[in-house]
Amino acid sequence: MHNSKTKEITDDEITENIKARIQDTDIDFEENDEEKLKLNTVRKTLYKLYSAKLAQFRRVRDKNTGWFIYYWWHDFEKLNEILLEKEQQIIGKLRDRLKFELNNYFFICEKCRRPDTRFKFDEAVDLNFKCPNCEGILVADENKDIIDFLKEKIVLLQDKINHF
Ligand SMILES: [Zn+2]
């Protein structure tokens, strides 16, 4: 792959390019809008890519108009690295959740059985083992399925990361 900097393009050019490509197709990016695609949408998307470290830009002031022109190029070489980082964040969250499930006893409303009527032991004590939603009784919630599910997910993800 050669230097991606040679493939610089301005946001105006990207917009024009997309507009040309979608002409005579049924694609409509901005519903209820006269314009098929706004320059703003392109800019917003570019900044998203930039904050995800997948695009870079350099800014040049136009000598005639005094306006800034942004030249963009993509930086997809970092994509794998960024994906790996995200996977590691997810696995960290799953491990935290697993720890939380392993270290606590849970109680859930017999009738509602909803996630928002599930409480840790001390919370259930404070509630007098009564559901705040329907006044039903809070009963012990077996969380073996959740624990198994989390363990399984962690193993799968870890395996994926190891083979990255
Ligand atoms: Zn309830």
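Residues numbered from 1 in each chain as written. Predicted model: local features only at pLDDT ≥ 70, side-chain atom pairs only at ≥ 80, totals over all residues. Heavy atoms only, no water.

1. Points about the overall build of the chain
Next up, step 1: On a plain count of helices and strands, the chain comes out with five helices and six strands.
Next up, step 2: Starting at the N terminus and walking to the C terminus, you meet the elements of the chain as β-α-α-β-β-α-β-β-α-β-α.
Next up, step 3: Here the chain holds 164 residues, and the buried ones make up 25% of them.
Next up, step 4: In the chain, of all internal contacts separated by at least 6 residues, the share reaching a separation of at least 24 is 48%.
Next up, step 5: Carbon together with sulfur atoms contributes 52% to the accessible area of the chain, which is approximately 12500 Å² in total. (Helix = DSSP H or I, 4+ residues; strand = E, 2+ residues; numbered from the N terminus. Buried < 20%, exposed > 50% of the residue type's maximum accessible area, 1.4 Å probe, protein only. Contact = heavy atoms within 4.5 Å. Areas by Shrake-Rupley, 256 points an atom, 1.4 Å probe, with all protein chains shown as cover.)

2. Regarding the coordination of the zinc ion
Next up, step 1: Around the zinc ion, the protein supplies C109 (SG), C112 (SG), C131 (SG) and C134 (SG) as donor atoms, at distances of 2.2 to 2.4 Å.
Next up, step 2: If you look at the zinc ion, its four donor atoms make angles of 102 to 117° with each other, and the shape they trace is tetrahedral.
Next up, step 3: For the zinc ion, the single-chain donor residues occur in sequence as C-x2-C-x18-C-x2-C. Of this pair, C109 sits in strand β4 (residues 106-109) while C134 is found in the loop between α4 (121-126) and β6 (138-140), placing the two residues 25 residues apart along the sequence. (Donors = N, O, S within 2.8 Å, 3.2 Å for Na, K, Ca; no water. Tetrahedral: all angles 85-135°; square planar, octahedral: opposite > 155°, others 65-115°.)

3. Things to note about the environment of I161
Next up, step 1: Along the polypeptide, I161 turns up in helix α5 (residues 144-162).
Next up, step 2: Looking at I161, the relative accessible area reads 11%, which means it is buried.
Next up, step 3: Distance in space between the C-alpha atoms of I161 and E87 is 7.3 Å, their sequence separation being 74 residues.
Next up, step 4: With sequence-adjacent residues up to four places away left out, I161 is seen in contact with L84, E87, Q88 and I91.

4. As for the packing of aromatic side chains
Next up, step 1: On inspection of all chains with the given rule, the structure shows nine aromatic pairs.
Next up, step 2: Directly above the aromatic system of Y71 lies the positively charged group of R58, at a separation of 4.9 Å from the ring centroid.
Next up, step 3: Taking NZ or CZ as reference, R59 lies 3.7 Å from the ring centre of F68, over its face. (Phe/Tyr/Trp six-rings, centres within 6.5 Å; stacked < 30°, edge-to-face > 60°. Lys NZ or Arg CZ within 6 Å of the ring centre and 35° of its normal.)

5. Digging into the packing of helix α1 (residues 11-22) against helix α2 (residues 39-51)
Next up, step 1: It is at 9 Å that the axes of α1 and α2 come closest, and there the two elements cross at 120°. The crossing of α1 and α2 is right-handed. Touching D11, D12, I14, T15 and I18 of α1 are L39, V42, R43 and L46, all from α2. (Axes fitted to C-alpha atoms, helices over the stretch in contact; angles between N-to-C directions. Left-handed = near helix turned anticlockwise from the far one by under 90°.)

6. Some words on α2
Next up, step 1: Along its 13 residues, α2 runs 18 Å from first to last C-alpha, staying within 8% of the 18 Å computed at 1.5 Å per residue.
Next up, step 2: Immediately beyond the C-terminal end of α2, within one or two residues, lies K53, with a positive phi of roughly 65°. (Expected span 1.5 Å × (residues − 1).)

7. Quick notes on the sheet that holds strand β1 (residues 9-10)
Next up, step 1: One open sheet holds the three strands; their spatial order is β1-β3-β2, and the pairing between them is antiparallel. Sheet topology places β1 and β2 (55-61) at the edges, where each strand pairs with a single neighbour.
Next up, step 2: Sheet topology note: the β1/strand β3 (residues 68-74) ladder contains two bridges and is antiparallel. Of the residues in β3, the one forming a bridge with I9 is W72.
Next up, step 3: Lying on the sheet, α2 is in contact with β2 and β3; it crosses β2 at an angle near 120°. (Pairing = 2+ DSSP bridges.)

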